[in-house]
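Structural description and commentary
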Amino acid sequence: MALYNSNRGGIIQIIIGFVFVIIIGQLISLQIFSNKYKLAADNNAIYRKIIYPDRGIIYDRKKRALLENSISYDLVVIPNEAKSVDTTTLCEILKISKEEYSKRMIEVIVKNSRVKAGTFEPFLSPELYAQLTENLYRFPGFSLSERSIRTYPYNTAAHVLGYVAEVDVNFLQKHQEDGYEMGDYAGMTGLEKQYETVLMGQRGVKRFLRDNKGKIQGAFEKGQFDTLAVAGRNLYTSMDVEVQQLAEKVLTNKVGSAVAINIKTGGVIAMASSPGYNPNLLTGSQRKKTIGRLLMDTARPIYNRAIKGQYPPGSTFKPLGALIALDEGLITPSYGYNCFGLYTSCGDPRKCEHHNAGHAANLQLALAYSCNSYFLQVFRMAIDNPKYKSAKAGYVKWKEYMNAFGFGRKLGIDLPSENKANIPDTAQYNRDFGNPRYWNSCYMLTLGIGQDRMTATPLQLANSMAFIANEGYYYTPHFVDSIESETEEEAEQLAPFRTKQKVTKIPKEYFDVIKEGMHDVTVYGT
């Protein structure tokens, strides 16, 4: 019996000891390793106010600001401190119901927790700001936070400049190492997104000491732990706001795009996409009610057709087809083709707009009159070039030229979401026509006049014209010429835009013929 009691007493001691260890472990965890209650305690004693910096300005080539910053105020709340709030007065001022008040409070808690400040009402109007300032003492836990918002004095270049918006959970997960917090704003499209790290600046923080009732008593430790907000740096672009406005005006009530490039630098002077939208509609309190409408619009006004739209280039491709044949030694500028309105060499007749003899007697005339038969024949000569021993090998070489000209790949412009469009590879033709031994140039004939499966973006077409104008080279199209206080890393980022892309060694006299033929289109051609 004594042995039994001894064993039972030992077991009880072990259980008590085990429970004691668990309690000690929890206490250590809460006091040393857990930030939850430390954060709550810090927030009770110290009020941390975020100071949002001004974003950098984007200038055109004449140093005119394409966008600016203006001051806006948000009503923010720390849910844990929102006690004894005069909700009736607050709801009357904000023109919301008490149900909406509760819903917003829950959203702030979900986003930011109970002990951190979150936005309750963003982008206050001057009237609302004045009313809230006067009555703020009625709303414990609420305060007013200043931030800058974008304005667009010229109402132009929305697709290029892009817009900023509040970051969400998905954004924070993708940028965990970048220091963003809920309530921050970041560039979501255009140059705002591409150069976010330059434009964003650095948040500042001011810390204030509070008493046991939550009232501000003054700066914490005389401000020695405060940090200043650092404004974002400016971008200097190649754009010309007047040319941009003109391009957008020309495209009014049309669906399409226009791109103008400085051929000597690759700097984009204008890029318009239509239909478009006024960039001021996506700033401040207007954004929430506008963005949904723009996204649902079947005309896709937010879609930048200049870099994403894919279209058959058609006759604009013909000068490039001629350059390939010239470079391969398949034709000379004097090469002519007898066209009487139809191309019949592949069995299925292909129409040409001209029937008169001699309209394709040489390359310059063929370009001027845009003779389909001439360029279909020139394309077939490139694909069936005996030097490459098979149509497949000839096509691979032709595609190499196309990629070198900037087609079928991304050019690398400094805008997000550029599309590479399509220059089909041999796998597509193998899939449709079988073994390459069984297909030849006739199977893809209309590639020679910029049709079939070939597509290009307006940017790629504009760049190809820069390549012809420069007689064999181009600079990668871009908007930003320089960055304020440019770092070595940023200089490397901009280096590709400052490097000449040499494509061919075609003699200058061949380019002269191409350019003369293109000029003649405007004089007497088609």
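Residues numbered from 1 in each chain as written. Predicted model: local features only at pLDDT ≥ 70, side-chain atom pairs only at ≥ 80, totals over all residues. Heavy atoms only, no water.

**A short note on the packing of helix α18 (residues 458-469) against helix α20 (residues 508-521)**
Rules: Under this scheme, a helix contributes an axis fitted over its contacting stretch, all axes are lines through C-alpha atoms, and angles between N-to-C directions fall in the 0 to 180 degree range. Secondary structure elements are taken from DSSP: a helix is a run of H or I of four residues or more, a strand is a run of E of two residues or more, and numbering for both begins at the N terminus. Here the angle decides the label: under 35 degrees means roughly parallel, over 145 means roughly antiparallel, 65 to 115 means roughly perpendicular, and every other value means oblique. For this analysis, residues touch if any pair of their heavy atoms sits within 4.5 Å.
It is the contact of α18 with α20, at a shortest axis distance of 10 Å, that shows an interaxial angle of 125 degrees. Between α18 and α20, the angle falls in the class oblique. On α20, the residues that touch M465, F467, I468 and A469 of α18 are F511, I514, K515 and M518.

**Digging into the sheet that holds strand β10 (residues 235-237)**
What counts here: Strands were regarded as paired on the criterion that DSSP finds at least two bridges between them.
Ordered in space as β2-β10-β16, the three strands form an open sheet in which the pairing is mixed. Every other strand in the sheet has two partners, leaving β2 (58-59) and β16 (480-483) as the edge strands with one partner each. With three bridges joining them, β10 and β16 adopt antiparallel strand pairing. Paired with L235 across the two strands is I483, which belongs to β16.

**Notes on the nonpolar core**
The criterion, for reference: Among buried residues, those of type Ala, Val, Leu, Ile, Met, Phe, Trp, Tyr and Cys that are joined through side-chain atoms within 4.5 Å constitute a nonpolar core. Accessibility here uses a 1.4 Å probe with only protein chains present; expressed as a share of the type maximum, an area under 20% marks a residue as buried, one over 50% as exposed, and anything in between as partly exposed.
Judged by nonpolar contacts, the single largest core of 80 residues is most densely connected at Y195, M271 and W398. It is helix α15 (residues 372-383) that contributes the most residues to this core, eight residues altogether. Among residues more than four places away in sequence, those in contact with W398 are F317, I324, F379, A382, I383, I423, L447 and M454. V77, I93, L94 and Y101 belong to the second-largest nonpolar core, a separate cluster that totals 19 residues.

**Some remarks on a positive patch on the surface**
Where we set the bar: Candidate patch residues must exceed 30% relative accessible area and have no salt bridge, after which like charges are joined if within 9 Å and Val, Leu, Ile, Met, Phe, Trp or Tyr side chains if within 5 Å. Per-residue accessibility takes into account occlusion by the displayed protein chains alone, with areas from the Shrake-Rupley method and a 1.4 Å probe. Salt bridges are identified by distance alone: a Lys or Arg side-chain nitrogen within 4 Å of an Asp or Glu carboxyl oxygen. The charge count includes Lys and Arg as positive and Asp and Glu as negative, but it does not include His or the ends of the chains. Here the site of a charge means NZ on Lys, CZ on Arg, CG on Asp, or CD on Glu.
A surface patch of positive charge is lined by K264, K500, K502 and K505. Residue position: K264 is located in the loop between β11 (256-261) and β12 (268-274).

**Topic: the state of the cysteines**
For clarity, the cut-off: Count a disulfide wherever a pair of cysteine sulfur atoms falls within 2.5 Å.
Applying the stated criterion to the full structure yields one disulfide. There is a disulfide in this structure between C346 and C442, and the S-S distance comes to 1.9 Å. Its torsion about the S-S bond being -75 degrees, the disulfide of C346 and C442 is classed as left-handed. Of this pair, C346 sits in the loop between β13 (342-343) and β14 (350-351) while C442 sits in the loop between α17 (426-433) and α18, placing them 96 residues apart in sequence. For C346, a relative accessible area of 21% gives the class partly exposed. A disulfide-free cysteine, C352 has its sulfur positioned 3.8 Å from the sulfur of C371, the nearest such atom.

**A look at α17**
Spelled out, the test is: This arc corresponds to the set of directions leading from the helix axis out to the C-beta atoms.
The set of residues buried in α17 consists of T426, Q428 and Y429. In a view along the axis of α17, the buried residues occupy a sector of 155 degrees, so they form one face of it. Those residues of α17 hidden inside the fold are in contact with α16 (391-404). One or two positions beyond α17, positive phi appears at G434, with a value near 90 degrees.

**Description of the sheet that holds strand β5 (residues 142-151)**
With respect to topology, three strands assemble into an open sheet ordered β4-β3-β5, the strand pairing being antiparallel. Here the strands that pair on one side only, and so sit at the sheet edges, are β4 (118-121) and β5. Averaged over all pairs of adjacent strands, the angle between their axes in this sheet comes to 55 degrees, without regard to strand direction. Pairing analysis gives ten bridges linking strand β3 (residues 68-77) to β5, with the strands arranged antiparallel. Counted as the bridge partner of V77 is F142 from β5. Here helix α4 (residues 98-112) sits on the sheet in contact with β3, β4 and β5, set at roughly 160 degrees to β4. Sheet strands in contact with helix α5 (residues 126-135) are β3, β4 and β5, and its direction is about 160 degrees off that of β5.

**Let's talk about the packing of aromatic side chains**
The condition that has to hold: Any pair of Phe, Tyr and Trp rings, taking the six-membered ring for Trp, is counted once the centres come within 6.5 Å. Such a pair is stacked with planes under 30 degrees apart, edge-to-face with planes over 60 apart, and tilted for the rest. Whether a charge sits over a ring depends on NZ of Lys or CZ of Arg being within 6 Å of the ring centre and within 35 degrees of the ring normal.
Taken as a whole, this structure holds 23 aromatic pairs when the rule is applied. Judged by centre distance (5.0 Å) and plane angle (85 degrees), the rings of F171 and Y180 are edge-to-face. Neither residue differs from the other here; F171 and Y180 are each classed as buried. Consider the rings of F467 and F511, whose centres lie 5.9 Å apart with planes at 80 degrees: the pair is edge-to-face. With a gap of 44 residues between them, F467 in helix α18 and F511 in helix α20 connect regions that are remote in the sequence. Here F467 falls in the buried class, since its relative accessible area comes to 0%. By way of ring pairs, the aromatic residues F317, F379, Y395, W398, Y429, F433, W439 and Y443 are connected into one cluster. The ring centre of F120 lies 5.6 Å from the NZ or CZ of R104, which sits over that ring. For the cation-ring pair, R147 lies above Y52, with the distance from its terminal atom to the ring centre recorded as 4.1 Å.

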